[in-house]
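Structural characterization, general
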Amino acid sequence: MTAIFNGETGEHGAVDIHGGTLLTADDQLFIQGQARENAERTAEGPKFFDAVGPED
């Protein structure tokens, strides 16, 4: 994805040895914060959704 973004935008963002985007410390904190918020929202337990709606 990084190579595609760099190619489309003409920018040359930093990449790691695998070609992935290097995350800043702020990026990492944001992702960790989002993960923690999601974990708190789903603390009730997993929710399963049926592929077919209930019968009337």
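Just above, that's the structure.
Here we summarise the structure given alongside this text. (Residues numbered from 1 in each chain as written. Predicted model: local features only at pLDDT ≥ 70, side-chain atom pairs only at ≥ 80, totals over all residues. Heavy atoms only, no water.)

With respect to the overall build of the protein
When you go through the protein residue by residue, the secondary structure sums to 2 helices and 0 strands. Within the span of the protein, comprising 56 residues, buried residues form 4% of the whole. Surface summary for the protein: the accessible area is close to 5400 Å², and the carbon and sulfur share equals 58%. (Helix = DSSP H or I, 4+ residues; strand = E, 2+ residues; numbered from the N terminus. Buried < 20%, exposed > 50% of the residue type's maximum accessible area, 1.4 Å probe, protein only. Areas by Shrake-Rupley, 256 points an atom, 1.4 Å probe, with all protein chains shown as cover.)

Some words on the environment of N6
Locating N6 in the fold gives a position in helix α1 (residues 2-9). Once residues within four sequence positions are removed from consideration, N6 is found in contact with E11, H12, G13 and V15. (Contact = heavy atoms within 4.5 Å.)

Some remarks on a nonpolar patch on the surface
Side chains of M1, I4 and F5 sit close together on the surface and give an oily, nonpolar patch of about 370 Å² of accessible area. Secondary-structure assignment places F5 in helix α1. (Patch = residues over 30% accessible without salt bridge, like charges linked within 9 Å, V, L, I, M, F, W, Y side chains within 5 Å. Salt bridge = Lys/Arg side-chain N within 4 Å of Asp/Glu carboxyl O.)

Thoughts on the environment of M1
Summarising the element assignment, M1 is placed in the segment before α1. Look at M1 and you get exposed, because its relative accessible area is 66%.

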